There are 2 protein chains.
Amino acid sequence: MSNEKIPYKIYLSEDELPKQWYNVRADMKKKPAPLLNPATLKPVTPEELSAVFCDELVKQELDETTPYIDIPEEILGFYKMYRPSPLVRAYCLEKALGTPAKIYYKFEGNNTSGSHKLNSAIAQAYYAKKQGLTGVTTETGAGQWGTALSMACSYFDLDCKVYMVKVSYEQKPFRREVMRTYGASVTPSPSMTTEVGRKILEEFPDTNGSLGCAISEAVEAATSNDGYRYVLGSVLSQVLLHQTVIGLETKTAMDKYGIKPDIIIGCAGGGSNLGGLIAPFMGEKLRGEADYRIIAVEPASCPSLTRGVYAYDFCDTGKVCPLQKMYTLGSGFMPSANHAGGLRYHGMSAILSELYDQKLMEAVSVEQTAVFEAAQKFARVEGILPAPESSHAIKTAIDEALKCKETGEEKTILFGLTGTGYFDMYAYAAYNDGKMGDYIPSDEELKKATDKLPHID
Amino acid sequence: MSNEKIPYKIYLSEDELPKQWYNVRADMKKKPAPLLNPATLKPVTPEELSAVFCDELVKQELDETTPYIDIPEEILGFYKMYRPSPLVRAYCLEKALGTPAKIYYKFEGNNTSGSHKLNSAIAQAYYAKKQGLTGVTTETGAGQWGTALSMACSYFDLDCKVYMVKVSYEQKPFRREVMRTYGASVTPSPSMTTEVGRKILEEFPDTNGSLGCAISEAVEAATSNDGYRYVLGSVLSQVLLHQTVIGLETKTAMDKYGIKPDIIIGCAGGGSNLGGLIAPFMGEKLRGEADYRIIAVEPASCPSLTRGVYAYDFCDTGKVCPLQKMYTLGSGFMPSANHAGGLRYHGMSAILSELYDQKLMEAVSVEQTAVFEAAQKFARVEGILPAPESSHAIKTAIDEALKCKETGEEKTILFGLTGTGYFDMYAYAAYNDGKMGDYIPSDEELKKATDKLPHID
């Protein structure tokens, strides 16, 4: 099909919605290293994980061989309220840049959570409900995951307790109110409500909080309450699995119009959006059927792939979660209070870490003010005000499109626009007022955190 | 087509996007009364209007006979970035209510302005640009129109000066930042920057501001600056014309699936969303081809249709705009600071006023806390957090669906979901905290304002 005929937005019909998630681990010859029990340093058993996570999610977490996993009807029903999401041809951005590149983005922001997080939230809430649980606990950074989970829990009438990273809780009071509107309880983290929170506050009374710390609190709140389990919005392999709905829709839409991306770009905090977007493309790459350049974009202030080490580490500050082999800055690393709360995690998905280590994908880091410059440019021509997190991908997509302008290459660039920035207006105000700074951790700072890694082979 | 096959969301293809707006006045036997020059009390001439509005928009404002007006290619190009908007079957709401009614809503919130306002903003910015103007001035209540206009002006590289109703400026600081991100300047109204603003502040130093007052300031700022014109987000017939894209898409989508609404519901502030949604259906009604029950929903705190008078009145507090025959509470009426800023206008579209007077549509008023109760119920089952304005329509749609539950009638209900409430979290917080009040003006208060009408036959 000729490019003249490609609409601004490609919407699949509901019939074309994926009926199964794709488990990319099934096509990986070398699998991610197993999760370890922090007490025994042996691979965790399903029984051990079941104290923290819902049974069905434990199964998904540990399943490395089943390539396709059915999406239950109830989840499909919820997906249909906001999916399929549009694949957008960025005609206006291409024109503004004067690039011969063809730019596409998969837009996940058209739902009240404002991001892709809802794709996994509804799955996790469903399995919790199915297991007969009372409720779930979780952490949230920017608030997108917490909002998504609140919506999902409200839909299935489950209790929802959210620990929100303190700096986001303060910077983003409106997200808190969205969560409350959907019936969730929200606590700033670190808090005095958990043992691990009290311990951290004693050591670092002025901390901004971090995802790692909020995770520890949420896990403690789940394991110390009957009828509750902990759910997580990123990093875990089960989350990447659910997020493959993004990539599967994208692939179907592109195939329909005979489009093949040369470069696929996504921002990477814990890795769920990127992992979900690239999954079916990576599958082809792993099976030797096609090749794609895949780029993870992370903030220069929290550069786990580009400056971290590939080693076993704790997923949380409190060291209660299983150990995971991943690219990490050290679970004690406290990222600066940058405005992309969703990208302030010290580690990275085990799947993406292994793929990166196998050189099947690249990574770049970008600085905050350059990211907001790209965000504003994008908003003014494409109409959508992007989330700071998503804008990392925009920045790199623009950079690649400008390279094409220099070389004259008509490359096809695909990036994930994970969400909207409607709840990030303090960040935009700082940018509008010229008051935004950049922070790049020093080698010494990074070394100090990774020196404390548990050193497991 | 059987109802089993109706998807959750009906998306038209870009090819099915309307190529023309529909001018409902062409099918009205009795037309709306002409606009009058406030100085001469004679019908305004195109020349007089051209001092305030762009030339092409003056033509559209005064055109009562052309049924279809072409949508320029440049506007269609912009529309394609966020349109066609989805027509949603509210399966989950139906289930939650246990009603045999079939509920549909046309959702206009999937764009950064968060509402339908963008449909007219882009048209008005386009005509201003085409005329070679430097910029435009406007007022905004809730901030949705200002945001929409900022986006449109940024797209066409036009200056944008926004006067924002003071109570909204203070309650919704984030909207201000969205407008600034798109390059607009934003001033709280009443302000000291205009003669009319200074005069109002002198008389009412503690005023919350009102749309009528902000309009006066924006008009003054336009007419006292070369290269500027004033643009308005509602009330005017040209705005209703642009908004017919909502109704035309809805009609096409419904026809495609063989759906015929029994009841059509929309919130009404100035009337542009309702006018746009009902236009093609009203056209059929006017031509005797079909019948529909059409309901305008307004806040009990600002009840122009249900408790106002049908008479000539000023559109603005400063009395600089043309006089319009409409249902009005009096241009001096100062509505309470309710949370639906977009519905705090003293008057109503001349077209809708005339249709209401001819009993071709009904009107009801609803109270604020009941509206937020409906909004929360809707959000929890349909996933979308609605704007307070739109929630007025939700409230009445739910009421009608519950009547069907009592009678067992399987009526088809269509309502306009004009926007999202992401920038209305203070209002939701007040509701969540049980601190929301209701305000219904007394007969004396209303009489006091309408006694000051200009009394023109």
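Residues numbered from 1 in each chain as written. Chains lettered and ligands numbered in written order. Predicted model: local features only at pLDDT ≥ 70, side-chain atom pairs only at ≥ 80, totals over all residues. Heavy atoms only, no water.

Let's talk about the interface of chain B and chain A
Then comes step 1: Tallying the contact residues gives 41 residues for chain B and 41 residues for chain A.
Then comes step 2: The junction of chain B with chain A conceals about 3900 Å² of combined surface from both sides, 58% of it contributed by carbon and sulfur atoms.
Then comes step 3: Between the two partners, chain B and chain A, sit four salt bridges.
Then comes step 4: Two residues, Glu14 of chain B and Lys9 of chain A, come together in a salt bridge whose shortest N-O distance is 3.9 Å.
Then comes step 5: Applying the counting criterion to the chain B and chain A interface returns 31 residue pairs in polar contact (both at pLDDT 80 or more).
Then comes step 6: Elements with a contribution of two residues or more to the side of chain B that touches chain A: helix 3 (73-82), helix 6 (144-156), helix 8 (173-181), helix 15 (368-382) and helix 17 (425-432) of chain B.
Then comes step 7: Within the side of chain B that touches chain A, the residues separate by chemical class into 22 nonpolar, 10 polar and nine charged. (Contact = heavy atoms within 4.5 Å. Buried area = accessible area lost by both parts, 1.4 Å probe. Salt bridge = Lys/Arg side-chain N within 4 Å of Asp/Glu carboxyl O. Polar contact = N/O pair within 3.5 Å; in protein donor to acceptor, adjacent residues only side chain to side chain. Helix = DSSP H or I, 4+ residues; strand = E, 2+ residues; numbered from the N terminus. Nonpolar A, V, L, I, M, F, W, Y, C, P; charged D, E, K, R; others polar.)

Some remarks on the environment of Pro441 of chain A
All names here are of chain A.
Then comes step 1: Position of Pro441 relative to the elements: it lies in the loop between helix 17 (425-432) and helix 18 (443-450).
Then comes step 2: Assessed through its relative accessible area of 2%, Pro441 is described here as buried.
Then comes step 3: Residues Pro441 and Pro335 lie 106 residues apart in sequence; the distance between their C-alpha atoms is 8.4 Å.
Then comes step 4: The contacts of Pro441, once residues within four sequence positions are left out, are Ala300, Ser301, Pro303, Arg307, Phe333 and Leu446. (Buried < 20%, exposed > 50% of the residue type's maximum accessible area, 1.4 Å probe, protein only.)

Topic: the pairing of strand 10 (residues 263-267) of chain B
As a general feature of sheets, a regular strand has side chains that alternate between the two faces.
All names here are of chain B.
Then comes step 1: The element strand 10 is extensively covered by neighbouring structure, given that five of its five residues are classed as buried.
Then comes step 2: Here strand 10 shows two buried faces, one formed by Ile263, Ile265 and Cys267 and the other by Ile264 and Gly266.
Then comes step 3: Of the crossover connections in this fold, the one passing from strand 10 over helix 12 (residues 272-286) to the parallel strand 11 (residues 293-299) is right-handed.
Then comes step 4: As judged from the three bridges shared by strand 10 and strand 15 (residues 412-417), these two strands associate in the parallel manner. Across the sheet, the residue bridging to Ile264 is Leu414, located in strand 15. (Right-handed = clockwise from strand over helix to strand, strands pointing away. Pairing = 2+ DSSP bridges.)

What to know about the nonpolar core
Note on soluble globular proteins: their nonpolar side chains tend to be buried together.
Then comes step 1: Within the largest apolar cluster, 246 residues are counted, with the highest numbers of intra-cluster contacts made by Met361 of chain A together with Met361 of chain B.
Then comes step 2: Sequence-distant contacts of Met361 of chain B, defined by excluding residues within four places in its chain, comprise Leu274, Ile278, Met282, Ile294, Ala296, Leu305, Leu352, Leu355 and Tyr356 of chain B. (Core = buried A, V, L, I, M, F, W, Y, C linked by side-chain atoms within 4.5 Å.)

Quick notes on the relation of the copies chain B and chain A
Then comes step 1: Mapping chain B onto chain A calls for a screw motion: a turn of 180 degrees about the axis and a shift of 0.0 Å along it, with 0.0 Å RMSD after fitting. Here the transformation between the copies is reduced to the relation of a two-fold axis. Across chain B, the rotation axis passes nearest the C-alpha of Asn110 of chain B, at a separation of 3.0 Å.
Then comes step 2: Same-surface contact between copies: 100% of interface residues of chain B are shared with the interface of chain A. (Least-squares fit on C-alpha atoms with pLDDT ≥ 70 in both.)

Some words on the side chain of Ser168 of chain A
Then comes step 1: By secondary structure assignment, the location of Ser168 of chain A is in helix 7 (residues 166-171).
Then comes step 2: Apart from the residues within four sequence positions on either side, Ser168 of chain A is in contact with Gly141 and Ala142 of chain A.

With respect to the packing of helix 5 (residues 118-130) of chain A against helix 11 (residues 237-256) of chain A
Residue and element names in this part refer to chain A.
Then comes step 1: Two elements in contact, helix 5 and helix 11, have axes whose closest approach is 8 Å; the angle formed by their N-to-C orientations is 125 degrees. Put simply, helix 5 runs oblique to helix 11. As helix 5 runs across helix 11, the sense of the crossing is right-handed. Residues Asn119, Ser120, Ala123, Gln124 and Tyr127 of helix 5 form the contact with helix 11, whose participating residues are Gln238, Val239, His242, Gln243, Val245 and Ile246. (Axes fitted to C-alpha atoms, helices over the stretch in contact; angles between N-to-C directions. Parallel < 35°, antiparallel > 145°, perpendicular 65-115°, else oblique. Left-handed = near helix turned anticlockwise from the far one by under 90°.)

So, the packing of helix 15 of chain B against helix 16 (residues 388-407) of chain B
All names here are of chain B.
Then comes step 1: At their nearest, the axes of helix 15 and helix 16 sit 8 Å apart, and the two run at 85 degrees to each other. The angle between helix 15 and helix 16 places the two elements in the roughly perpendicular class. The segment helix 15 lies against helix 16, with Ala370, Val371, Phe372, Ala374, Ala375, Lys377 and Phe378 engaging Pro388, Ser391, His392, Ile394, Lys395 and Ile398.
Then comes step 2: Considering only residue class, the contact of helix 15 with helix 16 consists of nine nonpolar, two polar and two charged.

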